[in-house]
Amino acid sequence: MRMSLTDTTTLSNGVKMPWVGLGVYKMDSGEEVVNAVRSALDLGYRHLDTASFYDNEEGVGQAIKESGLPREELFITTKVWNDEQGYEETLEAFNRSITKLGVDYLDLYLIHWPIQGKYKDTWKALEKLYKDGKIKAIGVSNFLTHHLEDLLNEAEIKPMVNQIELHPELYQKETVDYCKQQDIQVEAWSPIGRGNYLDNPVLQELAEEYNKTPAQIILRWDLQQGIVTIPKSTHKERQQENADLFDFELKDNEVEKINGLNKNNRLGPHPDEIGK
Ligand SMILES: NC(=O)c1ccc[n+]([C@@H]2O[C@H](COP(=O)([O-])OP(=O)(O)OC[C@H]3O[C@@H](n4cnc5c(N)ncnc54)[C@H](OP(=O)(O)O)[C@@H]3O)[C@@H](O)[C@H]2O)c1
């Protein structure tokens, strides 16, 4: 499986999305996010994942501007937050986000969480923005199979991406299988489990075998299963480490071994509990 940092997966509508991106959750909107995004772009990252909730879209936008990279080389994702959901509210939230980011279109816009009674109207707004050419691809985040089935019953356009919590202790097999069946690209958030599982003996052993780090083993595990991954780091050395995934390949039984670490352990809320 030969790949590089700029290699892409092709979404169901033909849009190309880089397999690896930089997540920016919990980075301050000032120097912290500007420096982190600048260093990632210098290293060759071209995919950035933010959200209105992270309150750092302005900083991401500043870094993009300072980088001088052509807009079409970048893949920019942001998300509509829970209290911005609803048809009109989402159209307004979109405008706020692109203004802060300093861009005139998004590559990917996601519904951050499946807020009951709201997400279908929110989706209609995403469909409108997509049809108006303001977003290249639209998707959801934290949707379980039953949320997707419910949305697909009424949606005119199928989500192209589902971004879910996914790491060795939370594999989410049912949702991943359903998305694959529906040609919805799965994207892993908290892919390295916020650093919580790096001392796991299975990961340590594989790291030793391949002369890699446990974080690299996990990120490679994502890629080999066709999952887009967006590790966050404010440190250039770690950003480099998290992008150095393309000179080794896990064997099928090793992928299975990591799958076996699943404990259905969530770091974030359960999608059915959000907004209650
Ligand atoms: N859709 C959603 O609901 C949702 C929810 C959460 C996150 N996300 C997205 O997913 C992205 C990633 O998730 P996340 O930020 O929660 O967690 P993560 O990427 O799994 O882990 C980030 C943490 O691990 C550390 N780290 C990074 N690389 C490392 C390495 N190679 N070795 C050891 N430690 C390392 C980082 O520290 P340093 O920064 O100090 O290096 C940070 O503390 C977010 O930034 C965000 O864009 C989406």
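Here, the structure is the one placed above.
Residues numbered from 1 in each chain as written. Predicted model: local features only at pLDDT ≥ 70, side-chain atom pairs only at ≥ 80, totals over all residues. Heavy atoms only, no water.

Enquirer: Would you explain the site of the ligand in this entry?
Expert: Every one of the 28 residues lining the ligand counts as a neighbour, but Asp-49, Ser-190, Arg-194, Ser-233 and Arg-238 are closest to it. Contact between the ligand and Val-24: an oxygen atom at 3.2 Å from a main-chain N or O atom of the residue. Within the backbone of Tyr-25, one N or O atom sits 2.9 Å away from an oxygen atom of the ligand. In isolation the ligand offers 910 Å² of accessible surface; the protein chains occlude 89% of this area. For the shell around the ligand, the leading source of residues is helix α9 (residues 236-243), giving three residues. For the shell around the ligand, the residue count by class is eleven nonpolar, eleven polar and six charged. (Near = heavy atom within 4 Å. Polar contact = N/O pair within 3.5 Å; in protein donor to acceptor, adjacent residues only side chain to side chain. Areas by Shrake-Rupley, 256 points an atom, 1.4 Å probe, with all protein chains shown as cover. Helix = DSSP H or I, 4+ residues; strand = E, 2+ residues; numbered from the N terminus. Nonpolar A, V, L, I, M, F, W, Y, C, P; charged D, E, K, R; others polar.)

Enquirer: Is there a simple way to think about the packing of helix α1 (residues 31-43) against helix α2 (residues 57-67) in this case?
Expert: To describe two helices that pack against each other, one gives the angle between their axes and the distance between the axes. Between α1 and α2, whose axes approach to 8 Å, the crossing angle comes to 40°. Considering the angle they form, α1 stands oblique to α2. Both α1 and α2 take part in a crossing whose hand is right-handed. In this structure, α1 contributes Val-33, Val-34, Val-37, Arg-38 and Leu-41 to the contact, and α2 contributes Gly-59, Val-60, Gln-62, Ala-63, Ile-64, Glu-66 and Ser-67. (Axes fitted to C-alpha atoms, helices over the stretch in contact; angles between N-to-C directions. Parallel < 35°, antiparallel > 145°, perpendicular 65-115°, else oblique. Left-handed = near helix turned anticlockwise from the far one by under 90°. Contact = heavy atoms within 4.5 Å.)

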